[in-house]
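Residue strings, one per chain:
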Amino acid sequence: DSGVTQTPKHLITATGQRVTLRCSPRSGDLSVYWYQQSLDQGLQFLIQYYNGEERAKGNILERFSAQQFPDLHSELNLSSLELGDSALYFCASTQGMSDSPLHFGNGTRLTVT
Amino acid sequence: AQSVTQLGSHVSVSEGALVLLRCNYSSSVPPYLFWYVQYPNQGLQLLLKYTTGATLVKGINGFEAEFKKSETSFHLTKPSAHMSDAAEYFCAVMIYNQGGKLIFGQGTELSVKP
C-alpha cells in the first residue's frame, strides 16, 4: 500500500460530460502529481502541485484543470469529455525534495462512451 | 529537453534467465534516474533510483541498474528471472530544475516463461 488514495476507482461517463477525480496524498507529502496512462500515449505527465501551488505543467489540455487544497488533497477536473480521454489517471505524491521518489495511487480508470 | 527511451516494448525471458531491460536518457543536466514497476491493475512502485554517488544501484526484488554517463544509459538487470517478475517496467528521468517533473519512458512489458 503506497498510502496514496484515489477515488473513484472506476468512472464511466458520456461524451461532453464533466468529472472530478480525487487524490489524497501520503501522510507528510506536500507534492502531488497527476499522470494520464493510455495505450497509445503511455504515461503522460499532466501537472504537479507543491503545498497548494502549481509547480510544473505538462501536456494538460485546456479542458482539464486541477488544484491542491489546504489539506493537501488534490482534484483533477476533466470537462467536455471526448472518447480519447478514456484512460487510467494516476495521482502520485512525494515529500517534495528533488530526489524523493513518487508514491503512486492505484489510479482511476475513466471510460468515456 | 530531457527524455527517456526504452528499447523494446516487450521482452520475454525464461524463468531463471538474466533479465536486461534497456533505458537511455537525454538530459542537459546531471539526471536523477528511476525505475518503476507496474503490476496489472495497480499503480507504479519504485524499484530503484540513482541521484548521485555510486553508479551501481541496487533495488528491491533483486534488481539493480548501472548509471553509465558515457553511454547515457541506465539499464535494469536481474541475474535470475522469477515468474513473479512479470510486469511492466518504466524508466524515468526527473527534471529537478523544473520543479521535479518526472518523465517516463514508454515502458517495457516483461514476460517470464516457465
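Here, the structure is the one placed above.
Rules used in this analysis
- Residues numbered from 1 in each chain as written.
- Chains lettered and ligands numbered in written order.
- Predicted model: local features only at pLDDT ≥ 70, side-chain atom pairs only at ≥ 80, totals over all residues.
- Heavy atoms only, no water.
- Helix = DSSP H or I, 4+ residues; strand = E, 2+ residues; numbered from the N terminus.
- Rg over C-alpha atoms; globule rule 2.2 N^0.38 Å.
- Buried < 20%, exposed > 50% of the residue type's maximum accessible area, 1.4 Å probe, protein only.
- Lys, Arg positive; Asp, Glu negative; His and termini not counted.
- Charge placed at Lys NZ, Arg CZ, Asp CG, Glu CD.
- Disulfide = S-S within 2.5 Å.
- Pairing = 2+ DSSP bridges.
- Phe/Tyr/Trp six-rings, centres within 6.5 Å; stacked < 30°, edge-to-face > 60°.
- Polar contact = N/O pair within 3.5 Å; in protein donor to acceptor, adjacent residues only side chain to side chain.
- Contact = heavy atoms within 4.5 Å.

## A few points about the overall build of chain A
Line of reasoning, step 1. When you go through chain A residue by residue, the secondary structure sums to zero helices and eleven strands.
Line of reasoning, step 2. Starting at the N terminus and ending at the C terminus, chain A contains elements arranged as β-β-β-β-β-β-β-β-β-β-β.
Line of reasoning, step 3. On C-alpha atoms alone, chain A measures out to a radius of gyration of 13 Å, which is about the 13 Å that the 2.2 N^0.38 rule sets for 113 residues.
Line of reasoning, step 4. Each principal axis of the C-alpha atoms in chain A carries an extent, and together these give about 40 × 30 × 25 Å.
Line of reasoning, step 5. For chain A, the proportion of its 113 residues judged to be buried stands at 51%.
Line of reasoning, step 6. A distance of 4 Å separates the average location of the 8 positive side-chain charges in chain A from that of its 11 negative side-chain charges.

## Considering the state of the cysteines
Line of reasoning, step 1. If you walk through the whole model with that rule in mind, you get two disulfides over all chains.
Line of reasoning, step 2. Here C23 of chain A is linked by a disulfide to C91 of chain A, with a sulfur-sulfur distance of 1.8 Å. Taking the torsion about the sulfur-sulfur bond, which here is approximately -55°, the covalent link between C23 of chain A and C91 of chain A counts as left-handed. Of this pair, C23 of chain A sits in strand β3 (residues 19–24) while C91 of chain A is found in strand β9 (residues 87–94), placing the two residues 68 residues apart along the sequence. For the pair shown, C23 of chain A and C91 of chain A are each scored as buried.
Line of reasoning, step 3. Residue pairing for C23 of chain B: its cysteine sulfur links by disulfide to C91 of chain B, the two sulfurs lying 2.0 Å apart. Because the torsion about its S-S bond is -65°, the bridge between C23 of chain B and C91 of chain B counts as left-handed.

## Side note on the pairing of strand β8 (residues 74–78) of chain A
All names here are of chain A.
Line of reasoning, step 1. Of all five residues in β8, five are buried, a share of seventy percent or more.
Line of reasoning, step 2. As defined by bridge partners, β3 adjoins β8 across five bridges and the pair is classed as antiparallel. Each residue of the ladder has a partner; that of T20, found in β8, is N77.
Line of reasoning, step 3. Strand direction decides the pairing type here: strand β7 (residues 64–68) and β8, joined by five bridges, are antiparallel. Bridging across to β8, A66 finds its partner in L76.
Line of reasoning, step 4. Counting the residues between successive antiparallel strands, the hairpin from β7 to β8 contains five residues, one of them, L72, with a positive phi of roughly 80°.

## Regarding the packing of aromatic side chains
Line of reasoning, step 1. For the structure shown, the criterion picks out 16 aromatic pairs over all chains.
Line of reasoning, step 2. Ring centres 6.5 Å apart and planes at 70° place the aromatic pair F64 of chain A and Y89 of chain A in the edge-to-face group. Placement of F64 of chain A in strand β7 and of Y89 of chain A in strand β9 is noted, with a sequence separation of 25 residues between them. Accessibility assignment for this pair places F64 of chain A and Y89 of chain A in one class, buried.
Line of reasoning, step 3. Arranged with centres 5.5 Å apart and planes meeting at 45°, the rings of F63 of chain B and Y89 of chain B form a pair that is tilted. Here the residue F63 of chain B occupies a position in the loop between β6 (56–58) and β7 (64–68), and Y89 of chain B occupies one in strand β9 (residues 87–95), the gap between them amounting to 26 residues. For the pair F63 of chain B and Y89 of chain B, a shared accessibility class is recorded, and that class is buried.
Line of reasoning, step 4. Within the aromatic cluster, the residues linked to one another by ring pairs are Y33, Y35, F45, F90 and F104 of chain A together with F34, Y36, F90 and F104 of chain B.

## Digging into the side chain of S74 of chain A
All names here are of chain A.
Line of reasoning, step 1. Mapped onto the secondary structure, S74 falls in strand β8.
Line of reasoning, step 2. By relative accessible area, which is 0% here, S74 ends up buried.
Line of reasoning, step 3. A polar side-chain atom of S74 sits 2.9 Å from the main-chain carbonyl oxygen of Q67.
Line of reasoning, step 4. With residues near it in sequence (within four places) discarded, S74 still touches L21, R22, C23, V32, W34, Q67 and Q68.

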